[in-house]
Amino acid sequence: MATRLADAMYRGAKLAWHLDDNDRSVETDLLATDWFAYADWPIEQVRDHLGLLPKSQRAIDAGSVTAWEPGGISPFQFAHGPELAAAENRAYDSFGARPLDA
């Protein structure tokens with residue numbers, strides 16, 4: 001876990017430095033980002049735009065996965081998604097995401 005967390009923190013810091021170096025400091029608060037503004041962009045274009053580095057090989061070797069791989073979603077998320085979709089009368093698709101034990 002420490003390796004994966006350290007990698008994520010490093011990547012976040014590098015993203016912030018990239019934005020700062022390009023006079024985009026106001027964009028470093030990713031929780032305030034309007035992600036719908038990027039909804040139509042290819043993911044690689046968003047990553048390039050933000051300066052987001054790929055995961056390190058050490059983090060991947062330590063078990064870091066994407067949201068679309070087994071283990072990339074928690075059991076709570078996996079259970080809550082269909083419940084929320086049903087409550088909103090819409091179809092649910094996890095796009096292949098599932099917890100390791102599902």
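See the structure printed just above.
A. Representation of the packing of helix H1 (residues 2–21) against helix H2 (residues 43–50) in the model. At their nearest, the axes of H1 and H2 sit 8 Å apart, and the two run at 65 degrees to each other. One element, H1, and the other, H2, form an angle in the roughly perpendicular class. Across from Leu15, His18 and Leu19 in H1, the residues of H2 making contact are Asp48, His49 and Leu50. Across the contact of H1 with H2, the residue classes break down as three nonpolar, two polar and one charged.

B. How the structure looks around the side chain of serine 94. As for its position among the elements, serine 94 is in the segment after helix H4 (75–87). Among the polar contacts listed, one links the side chain of serine 94 to the backbone oxygen of alanine 97, at a separation of 3.0 Å.

Thresholds applied
Residues numbered from 1 in each chain as written. Predicted model: local features only at pLDDT ≥ 70, side-chain atom pairs only at ≥ 80, totals over all residues. Heavy atoms only, no water. Axes fitted to C-alpha atoms, helices over the stretch in contact; angles between N-to-C directions. Helix = DSSP H or I, 4+ residues; strand = E, 2+ residues; numbered from the N terminus. Parallel < 35°, antiparallel > 145°, perpendicular 65-115°, else oblique. Contact = heavy atoms within 4.5 Å. Nonpolar A, V, L, I, M, F, W, Y, C, P; charged D, E, K, R; others polar. Polar contact = N/O pair within 3.5 Å; in protein donor to acceptor, adjacent residues only side chain to side chain.

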